[in-house]
Amino acid sequence: MTDDNNDETTAAIFDLARNRALDEQVAHPGREKRKLPKRFYRKAEAGPHEGGFAILLDGRIVRTPSKQPLAVPVPALAEALAAEWDAQQDEIDPRSMRLTKLANTAIDLVAPRRDQVIAEIVNFAGTDLLCYRAEAPDALVERQAALWDPLLGWAAEQGVSFTVTSGLMHVPQPQGSLDAYGRTVAALDPFRIAGLHNAVTLTGSAILGLAVALGRLTPEEAFDIAHLDEHWQMEISGRDEEEEARLAARRAELLETGRFIALLG
């Protein structure tokens, strides 16, 4: 394979995983056989690049889907990305490279449209999971209050005071609180914003996502708090293997997102 083809391959690999929901992959794991690119390199490693650290395959810089250098700001994260590439076997499977996917997102999607991404996260905060409570049974109401109220209190200390309601009827949140949340997110770099965006999506909560991004919660804690209702339902109705598989995949994704954020230092 020529060097130009190598560049095209590394840039295109993660296009395979675009527009494909995690839940869809879990719900029908054997329905589709995807053709994966063959491994074409012997060695993956991290190396200095323009004030950061790039991923190198046989000495050549890996490219993102938008053909940008795959470079990150700290060596610990670069080494972890290189380890993902080095762990690939005969074929390169982007589904097993969650850290690389997040780095690609930061470089290709967050950095060039930072304000739009922040606005999207703030918009999500307007319908935060933690603000919509069950009306019954009492035990579930109490469990939600015990786990969710402390996070709302923590958010209030950051200037983000949200309104809580029972049921699913939309309740608008104070604009001042949404603005304060946006300012907190705007202080983050594109890589942390990419991690935050993923954590918000996986938990359904802008507050839980921020708590992971700022180290207030571990990813494991955030996942259990976010999926309180699902766990409650399984306690009542019994095990559901498909639901368990869906939750396990989302949990693994959130744990890797937390690892991505932690590696940034």
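What counts, and at which threshold
Residues numbered from 1 in each chain as written. Predicted model: local features only at pLDDT ≥ 70, side-chain atom pairs only at ≥ 80, totals over all residues. Heavy atoms only, no water. Buried < 20%, exposed > 50% of the residue type's maximum accessible area, 1.4 Å probe, protein only. Helix = DSSP H or I, 4+ residues; strand = E, 2+ residues; numbered from the N terminus. Contact = heavy atoms within 4.5 Å. Polar contact = N/O pair within 3.5 Å; in protein donor to acceptor, adjacent residues only side chain to side chain. Pairing = 2+ DSSP bridges. Phe/Tyr/Trp six-rings, centres within 6.5 Å; stacked < 30°, edge-to-face > 60°.

This part is about helix 9 (residues 206–213). The element helix 9 is extensively covered by neighbouring structure, given that 8 of its 8 residues are classed as buried. Listed in full, the buried residues belonging to helix 9 are Ala 206, Ile 207, Leu 208, Gly 209, Leu 210, Ala 211, Val 212 and Ala 213. Check the buried side of helix 9 and you find it contacts helix 5 (114–125), helix 6 (138–157), helix 7 (175–186), helix 8 (190–203), helix 10 (219–226) and helix 12 (241–263). Two to three positions downstream of the cap, the backbone nitrogen of Ile 207 sits 3.2 Å from a side-chain oxygen, assigning the N-cap of helix 9 to Ser 205. Phi turns positive, to about 85°, at Gly 215, one or two residues after helix 9.

Let us now look at the pairing of strand 1 (residues 44–49). Examined bridge by bridge, strand 1 and strand 2 (residues 52–57) share 6 bridges and lie antiparallel to one another. By the bridge assignment, Glu 45 is partnered in strand 2 with Leu 56. Following strand 1, the chain reverses through 2 residues before pairing antiparallel with strand 2; Glu 50 in that reversal takes a positive phi of roughly 45°.

Following the criterion strictly, the structure yields 2 aromatic pairs and no others. For the ring pair Phe 40 and Tyr 41, a centre distance of 5.3 Å and an interplane angle of 80° mean the geometry is edge-to-face.

Before going further, it helps to examine the pairing of strand 2. The element strand 2 is extensively covered by neighbouring structure, given that 5 of its 6 residues are classed as buried. Taken together, the 2 bridges between strand 2 and strand 4 (residues 71–72) define a ladder with antiparallel strand orientation. By the bridge assignment for strand 4, Phe 53 is matched with Val 72. Note that strand 2 and strand 3 (residues 60–61) share 2 bridges and pair antiparallel. Within strand 3, the position partnered with Leu 57 by the bridge is Arg 60. Linking strand 2 to strand 3, which pair antiparallel, is a turn of 2 residues; within it Asp 58 sits at a positive phi near 50°.

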